[in-house]
Amino acid sequence: MARTIGAPRGTRDLLPEATPAWDRVEAVARDLSRRYAFERVETPLFEQTDLFARGLGESSDAVEKEMFRVAGAKGSDEEAAPWALRPEPTAGIVRAFIEHGMHVRPGPLRLTLIGPMFRYDRPQAGRYRQFSQWDVEVIGDAGPAVDAELIELGQRFFTDVGLTDVVAHVNSIGDATCRPGYRDALIAYFAAQEERLSEDSRRRLRVNPLRVLDDKDLAPDLAAGAPRGVDHLCDECRAHFDGVRSLLDALGVRYEVDHRLVRGLDYYTRTAFEFYIAGREGQQQALGGGGRYDGLVELLGGRPTPGIGFGIGLDRTVLAMEEQGTMLPPQPALVAVLGASEDQARRLRVASALRDAGLAVRPDGSSRKLGKQLESGAKAGARWAVIVGDGDALALKDLASGEQRDQISLEDVVSAVSG
Ligand code: HAM
């Protein structure tokens, strides 16, 4: 026998028993996208590596350690891997916004996509090399109302998929005016205790001191005493953050201010947020996250335009639903169409007519004994069996109760099964 080949490490096959939960989260995401007036976009799964290096920052984990490089064919000009699989969609969407001159459209633009992302990280539960996000972006609105609207939208998503106890963590990390002062304060504070920092944090301290705050190995007392972003905000950033908070209060959104929340990508300014199951805070646990990126469009070559968005991890959402035992809406009842006769055409015609009426139908095309066909229909999850006899006669068997009605018309089958 030939050696079998497995799926690549850090990827997963979603088998039929897993997909109803995925159908549910995707349906909720699409429905909310429509109700919140987001328009769908799609961008390539791979982009020029430079887009991510410039957009997400050279020192972000996604760029520094986790880039999934894509090479062209052997011997081609692209053999040296000028592309990378997208680790996240925001940079690609902003690239498309600039490339297609979308700033001339009536704004602010509200864009959304659902799709796979790729990060070459060490796989573990809830962390995969290929995972899916529901992403929303609003480009051209400086807030703070839209900031509150998006945080409320994220919360509504988790409620609608049936999760309980989701909390939004919210922070403001300032802008080009006040961030430098905050960075200096962090560097001064941590440099004085440098020997207590992890190797990663020591390396990062001078490049990106904010990231030291979300190092999971940071000693609790060091974390608690660290300068807080909110104490270093300039007047505009402070007014913006106060605005976001009072709007969240007015909307009744469940949130808490989290002074350690800094986000892992470099494009963020001002509002940053993440969603967690209460008590499950910590790296790798975030169900979703996002924030404002008021400098990104300009950084990627467009005219200065504010932006904000979030990405919700669908894999982690489904895992959390499994952990909480979230009920899924019942699947529509499946109907098996069986027949004792050899007349397969009649079985297919009856199946087709039932499908015209909107039912889900699984015909049995075999010439096995009726009992065997009933048995395999029930095993396949059918709730009803329609038995095609000779002539026009149909019988309807309720596979749950065993009750059977003979000599029943197609219309009566449809109303019995739909009722
Ligand atoms: P992010 O925080 O890097 O943000 O990712 C968003 C969510 O994707 C995470 O909260 C998590 O649920 C999920 N996720 C990330 N990495 C993995 C992984 N390796 N395996 C499974 N799930 C994962 C962004 O990607 C930003 N683009 C969000 C955004 C949009 N900001 C502004 N607009």
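### Some points on the overall build of the protein chain
Next up, step 1: What the protein chain contains, in helices and strands, is 14 helices and 16 strands.
Next up, step 2: Its C-alpha atoms give the protein chain principal-axis dimensions of about 90 × 60 × 50 Å.
Next up, step 3: By residue count, 49% of the 419 residues in the protein chain fall in the buried class.
Next up, step 4: By sequence separation, contacts in the protein chain at least 24 residues apart represent 69% of the contacts at least 6 residues apart.
Next up, step 5: With an accessible surface of roughly 20600 Å², the protein chain has 50% of that area assigned to carbon and sulfur atoms.
Next up, step 6: Between the averaged position of the 53 positive side-chain charges in the protein chain and that of its 64 negative side-chain charges there is a distance of 3 Å.

### Brief notes about the packing of helix 5 (residues 145–161) against helix 11 (residues 314–324)
Next up, step 1: Following both chains from N to C, one finds helix 5 and helix 11 inclined at 40°, their axes separated by 11 Å at the closest point. If you check the angle between helix 5 and helix 11, you find them oblique. In this structure, helix 5 crosses over helix 11, and the sense of that crossing is right-handed. Where helix 5 approaches helix 11, its residues Phe157, Phe158 and Val161 are matched on the opposing element by Leu314, Thr317 and Met321.

### Some details on the packing of aromatic side chains
Next up, step 1: Applying the stated criterion to the full structure yields 12 aromatic pairs.
Next up, step 2: Their ring planes at 75° and their centres at 5.2 Å tell us that Phe157 and Phe158 sit as a pair that is edge-to-face. This pair shows no difference in class: Phe157 is buried, exactly as Phe158 is.
Next up, step 3: Grouping aromatic residues by their ring pairs yields a cluster made of Trp134, Phe157, Phe158, Phe273, Phe275 and Phe310.
Next up, step 4: When the ring centre of Tyr128 is taken as origin, the NZ or CZ atom of Arg12, which lies over that ring, is 4.1 Å away.
Next up, step 5: Residue placement shows Arg110 over the ring face of Phe38; its charged tip is 4.8 Å from the ring centre.

### Some remarks on helix 1 (residues 19–35)
Next up, step 1: The end-to-end C-alpha separation of helix 1 is 24 Å, in line with the 24 Å expected for 17 residues at 1.5 Å each.
Next up, step 2: Those residues of helix 1 that sit buried are Ala21, Trp22, Val25, Val28, Ala29, Leu32 and Ser33. Looking down the long axis of helix 1, one finds its buried residues gathered within 135° of arc, a one-sided arrangement.
Next up, step 3: Once helix 1 finishes, Ala37 follows within two positions and takes phi at roughly 60°, a positive value.

### Focus on the site of the ligand
Next up, step 1: In the vicinity of the ligand lie 27 residues, with Glu88, Arg119, Tyr128, Arg263 and Tyr268 positioned nearest.
Next up, step 2: Residue Thr90 places a side-chain N or O atom 2.9 Å away from a nitrogen atom belonging to the ligand.
Next up, step 3: Between a nitrogen atom of the ligand and a side-chain N or O atom of Tyr268, the distance comes to 2.6 Å.
Next up, step 4: Burial of the ligand by the protein amounts to 95% of the accessible area it has alone, namely 650 Å².
Next up, step 5: Within the shell around the ligand, the residues separate by chemical class into 10 nonpolar, 10 polar and 7 charged.

### A closer look at the packing of helix 1 against helix 5
Next up, step 1: One way to put it is that helix 1 packs onto helix 5 with a least axis distance of 10 Å and a crossing angle of 140°. Taken together, the axes of helix 1 and helix 5 lie oblique to each other. Seen along the crossing, helix 1 lies across helix 5 with a hand that is right-handed. Facing helix 1, whose interface residues are Arg24, Val25, Val28, Ala29, Leu32 and Arg35, helix 5 presents Leu153, Arg156, Phe157, Asp160 and Val161.
Next up, step 2: The residue inventory of the contact of helix 1 with helix 5, partitioned by class, reads 7 nonpolar, no polar and 4 charged.

### Points about the pairing of strand 10 (residues 288–292)
Next up, step 1: Taking burial as the measure, the 5 residues of strand 10 include 5 buried ones, the bulk of the element.
Next up, step 2: Pairing analysis gives 5 bridges linking strand 9 (residues 269–277) to strand 10, with the strands arranged antiparallel. Across the sheet, residue Ala272 finds its bridge partner in strand 10, namely Gly291.
Next up, step 3: Of the strand pairs in this sheet, strand 10 and strand 11 (residues 307–313) are connected by 5 bridges, and their pairing is antiparallel. Bridging across to strand 11, Arg292 finds its partner in Ile308.

### Quick look at the sheet that holds strand 4 (residues 83–85)
Next up, step 1: Spatial ordering of the open sheet is given by 2-4-3, a layout of 3 strands whose pairing is antiparallel. Every other strand in the sheet has two partners, leaving strand 2 (46–48) and strand 3 (69–70) as the edge strands with one partner each.
Next up, step 2: Where strand 3 meets strand 4, 2 bridges bridge the pair, whose relative direction is antiparallel. For Val70, the partnering residue across the bridge sits in strand 4 and is Trp83.
Next up, step 3: Contacts between helix 2 (residues 49–56) and the sheet are confined to strand 2, strand 3 and strand 4, with strand 2 contributing the most and set at about 80° to the helix.

Rules and cut-offs
- Every chain's residues receive numbers from 1 upward, in the order its sequence appears when written.
- pLDDT decides what is reported in this predicted model: residues at 70 or higher carry local features, side-chain atom pairs at 80 or more are listed and counted, and totals for whole chains, interfaces and linings draw on all residues regardless.
- The basis for every side-chain value is the complete set of heavy atoms in the structure, and neither hydrogens nor water enter the calculation.
- Only DSSP runs of H or I reaching four residues or more are called helices, and only runs of E reaching two or more are called strands; each is numbered from the N terminus.
- Residue exposure (1.4 Å probe, protein chains only): buried if accessible area is under 20% of the type maximum, exposed if over 50%, otherwise partly exposed.
- Whether two residues are in contact is decided by their heavy atoms, any of which lying within 4.5 Å being enough.
- Throughout, the Shrake-Rupley method with a 1.4 Å probe supplies accessible areas, and for residues the shown protein chains are the sole cover considered.
- In summary, the charge assignment counts Lys and Arg as positive and Asp and Glu as negative, without counting His or the chain termini.
- Where a charge sits is defined by one atom per residue type, namely NZ (Lys), CZ (Arg), CG (Asp) or CD (Glu).
- Under this scheme, a helix contributes an axis fitted over its contacting stretch, all axes are lines through C-alpha atoms, and angles between N-to-C directions fall in the 0 to 180 degree range.
- Roughly parallel covers angles under 35 degrees, roughly antiparallel covers those over 145, roughly perpendicular covers 65 to 115, and oblique covers all other angles.
- Left-handed is the label given to a crossing in which the near helix is rotated counterclockwise from the far helix by less than a right angle, and right-handed is the label when the rotation is clockwise.
- Side-chain rings of Phe, Tyr and Trp, where Trp is taken by its six-membered ring, are said to pair if the distance between their centres is within 6.5 Å; with planes under 30 degrees apart they count as stacked, over 60 as edge-to-face, and otherwise as tilted.
- Here, a charge over a ring means that NZ of Lys or CZ of Arg falls within 6 Å of the ring centre while also lying within 35 degrees of the ring normal.
- Here, expected helix span is obtained from the residue count minus one, scaled by 1.5 Å.
- The reported arc concerns the directions from the helix axis to the C-beta atoms and nothing else.
- We call a residue near a molecule or strand when any one of its heavy atoms sits within 4 Å of it.
- N or O atoms closer than or at 3.5 Å make up a polar contact, with two conditions inside protein: a donor-capable atom paired with an acceptor-capable one, and, for residues adjacent in sequence, both atoms drawn from side chains.
- Residue classes follow a fixed rule: Ala, Val, Leu, Ile, Met, Phe, Trp, Tyr, Cys and Pro count as nonpolar, while Asp, Glu, Lys and Arg count as charged, and any other residue, Gly among them, counts as polar.
- Paired strands, as defined in this entry, are two strands with at least two bridges between them according to DSSP.

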